[in-house]
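Take a look at the letters that make up each chain.
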Amino acid sequence: MLVCAACGSATPLSPTTNEVPDAARPRATYLVQPGELGDKDVMSRMKHHARVERVGMAWLVLGGTPVRDAPGEDSLDPKPSVSVLGETKQHVRIVDEGDAARVAVWIMRSDLAPAIIAPTEVLDERGRPIGVHLDPGVEVAFADGRSRSVRPVAVRDEAVRVDGFVSEGAIGTVWVGDVPRDSSTRATFSLHADAKLRNAPRNDAPEVATLVRSVVARRIAERGAWSEIEVLRPGIRIHAFVPSSELLAEDELDWVSGGHYGFTAWVTHTDSLEVPAGTCLYDREGGEVVGVTIAARTYSGYKSDEWDTVYVGSMFGSHTLRLHDVGDGSAEPQWESCLEP
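Each value, and the rule that gives it
Residues numbered from 1 in each chain as written. Predicted model: local features only at pLDDT ≥ 70, side-chain atom pairs only at ≥ 80, totals over all residues. Heavy atoms only, no water. Helix = DSSP H or I, 4+ residues; strand = E, 2+ residues; numbered from the N terminus. Buried < 20%, exposed > 50% of the residue type's maximum accessible area, 1.4 Å probe, protein only. Contact = heavy atoms within 4.5 Å. Areas by Shrake-Rupley, 256 points an atom, 1.4 Å probe, with all protein chains shown as cover. Disulfide = S-S within 2.5 Å. Pairing = 2+ DSSP bridges. Core = buried A, V, L, I, M, F, W, Y, C linked by side-chain atoms within 4.5 Å. Phe/Tyr/Trp six-rings, centres within 6.5 Å; stacked < 30°, edge-to-face > 60°. Salt bridge = Lys/Arg side-chain N within 4 Å of Asp/Glu carboxyl O. pLDDT = per-residue confidence, 0-100.

For the protein, the count of helices and strands is one helix and 26 strands. The buried share of the protein, reckoned over its 341 residues, is 49%. Pairs at least 24 residues apart make up 62% of the contacts formed inside the protein by residues separated by at least 6 positions. Element-wise, carbon and sulfur atoms account for 47% of the exposed surface of the protein, whose accessible area totals about 16900 Å².

What follows is the structure, encoded as structure tokens:
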């Protein structure tokens, strides 16, 4: 059930409240090709991002044989953010980074998590802002129901819980912009878990957000026994009020470290191949470049005369990729490099 600023009200939302016109949404052109994934500045050149909801079907070449042919079932937590190289209506080409390589992989769009794709505010059921601003890349989960041009959502964050409504046009799967990060703004206070952030300095004011773990806060002003504060989370800015007695000195904050998504690949092999950074990775012998190694790595695989095989671990299992030996065959392999000349 949603916790909102005007629960019980029958007043409908305005169909124009908080709308994001198409012209106002950020646009960017896809510029990076798989063979450029080892370039020094490539991460800054990739403007599109998404979050993976589940590990499902995947292809190195769209329309080819799947590298993973099982539908996604379990939802990932946390949901890893990935760079996006291209998209169709049903598929999105993401950068699968790990095991000292970056590989371009096509996945189903339905396996991506919903996210904010344009700056927006969270509304109550009357269409009024509740004091929570969201940037592109913030993960949201859909709640039941819909009211004209807005959707009820729960903002997904490891430290704060926010429920409310956002514009339908502000939600999608691929956004243009950076992945939300922790703010570098210095805060002087902290709030412990279970603290309730309200939209006015009184105990009966509607809740804006509830804390599920400790956070830092900046005090804007004191209002009697209450403090007006700002809480910054990755991509989230919350303006609210709390009793001043709940604000603690920052050094009392009990930090909790977050988790990360990893993988483990187990491969039976006969050869070990020492592959340098910048080596081109092909989907098949004589096929397409689908990735690049980004650090020197010893891979399991098989040697051959011209096209060697390596197994590269990823969130989708183990990719079977090919290295192209462009040497004359008289010495050690000289695998084709994808580094800039």
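This next bit is on the state of the cysteines. With the rule as written, the count across this model stands at one disulfide. What pairs with Cys280 in a disulfide is Cys338, and their sulfur atoms sit 2.0 Å apart. Between Cys280 and Cys338, the disulfide has an S-S torsion of 120° and is therefore right-handed. One end of the pair, Cys280, is in strand E22 (residues 280–282); the other, Cys338, is in the segment after strand E26 (317–324), with 58 residues separating them in the sequence. Here the two residues Cys280 and Cys338 agree in accessibility, since each one is buried.

What follows deals with the pairing of strand E24 (residues 297–302). As judged from the five bridges shared by strand E21 (residues 271–275) and E24, these two strands associate in the antiparallel manner. Bridged to Val275 within E24 is Arg297. When E24 meets strand E25 (residues 307–314), the two strands line up antiparallel, connected through two bridges. Bridged to Tyr302 within E25 is Thr309. Linking two consecutive strands that pair antiparallel, namely E24 and E25, is a turn of four residues.

On the secondary structure map, Val212 appears in the loop between strand E16 (207–211) and strand E17 (215–223). Discounting chain neighbours no more than four positions away, the residues touching Val212 are Glu158, Ala159, Val160, Arg161 and Ala193.

Moving on, we get to the pairing of E17. Here strand E14 (residues 189–191) pairs with E17 via three bridges, running antiparallel. Counted as the bridge partner of Ser190 is Val216 from E17. In this structure, E17 lies alongside strand E18 (residues 226–233), joined through five bridges in antiparallel fashion. Bridged to Arg219 within E18 is Ile229.

With 30 residues, the main nonpolar core has Val132, Leu134, Val162, Leu191, Leu197 and Ile238 as its most contacted residues. Counting only elements with at least two residues in this core, the list comes to strand E8 (129–134), strand E10 (150–155), strand E11 (160–167), E14, E16, E17, E18 and strand E19 (236–243). Core analysis: the next-biggest nonpolar cluster, separate from the first, contains 28 residues, Val82, Leu112, Val275 and Leu323 among them.

Taken as a whole, this structure holds two aromatic pairs when the rule is applied. Consider the rings of Tyr282 and Trp307, whose centres lie 5.0 Å apart with planes at 90°: the pair is edge-to-face. Of the two residues, Tyr282 is situated in strand E22 and Trp307 in strand E25; the sequence distance between them amounts to 25 residues. Ring centres of Tyr302 and Tyr311 lie 6.1 Å apart, and the angle between their planes is 80°; on these two criteria the pair is classed as edge-to-face.

Our focus in this paragraph is the pattern of salt bridges. Think of it this way: side chains of opposite charge can pair up when their charged atoms draw near. For the coordinates displayed, the defined rule picks out 23 salt bridges. Residue Arg45 pairs with Asp41 through a salt bridge whose shortest N-O separation is 3.8 Å. Arg45 gets classed as partly exposed once you look at its relative accessible area, which sits at 23%. Residue Asp41 is classed as partly exposed on the basis of its relative accessible area of 38%. Asp111 is paired through a salt bridge with Arg54; the nearest N and O atoms lie 3.6 Å apart. One end of the pair, Asp111, is in the loop between strand E5 (101–108) and strand E6 (115–116); the other, Arg54, is in the loop between strand E1 (48–51) and strand E2 (58–59), and 57 residues separate them in sequence.

This part is about the confidence of the model for the protein. Looking at the protein as a whole, the pLDDT averages 85, with 84% of positions reaching at least 70. Mean pLDDT per element in the protein: strand E20 (residues 248–249) is the minimum at 84, and E22 is the maximum at 98. Of the regions scoring below 50 in pLDDT, residues 1–25 engages in 57 contacts with residues more than four places distant in sequence or in other chains. In the model, residues 252–269 has pLDDT below 50 throughout and makes 32 contacts with residues more than four positions away in sequence or in other chains.

Another aspect to go through is the environment of Ser149. Mapped onto the elements, Ser149 comes out in the loop between strand E9 (140–142) and E10. Sequence separation between Ser149 and Ser167 is 18 residues, and the spatial gap between their C-alpha atoms is 6.0 Å.

This brings us to unusual backbone geometry. Asp77 connects to Pro78 through a cis peptide bond whose omega is 5°. Assignment of secondary structure puts Pro78 in the loop between E2 and strand E3 (81–87). If you check the backbone angles, Ala100 has positive phi at about 60° while not being a glycine. Tracing the backbone through its elements, the reader meets Ala100 in the loop between strand E4 (91–98) and E5.

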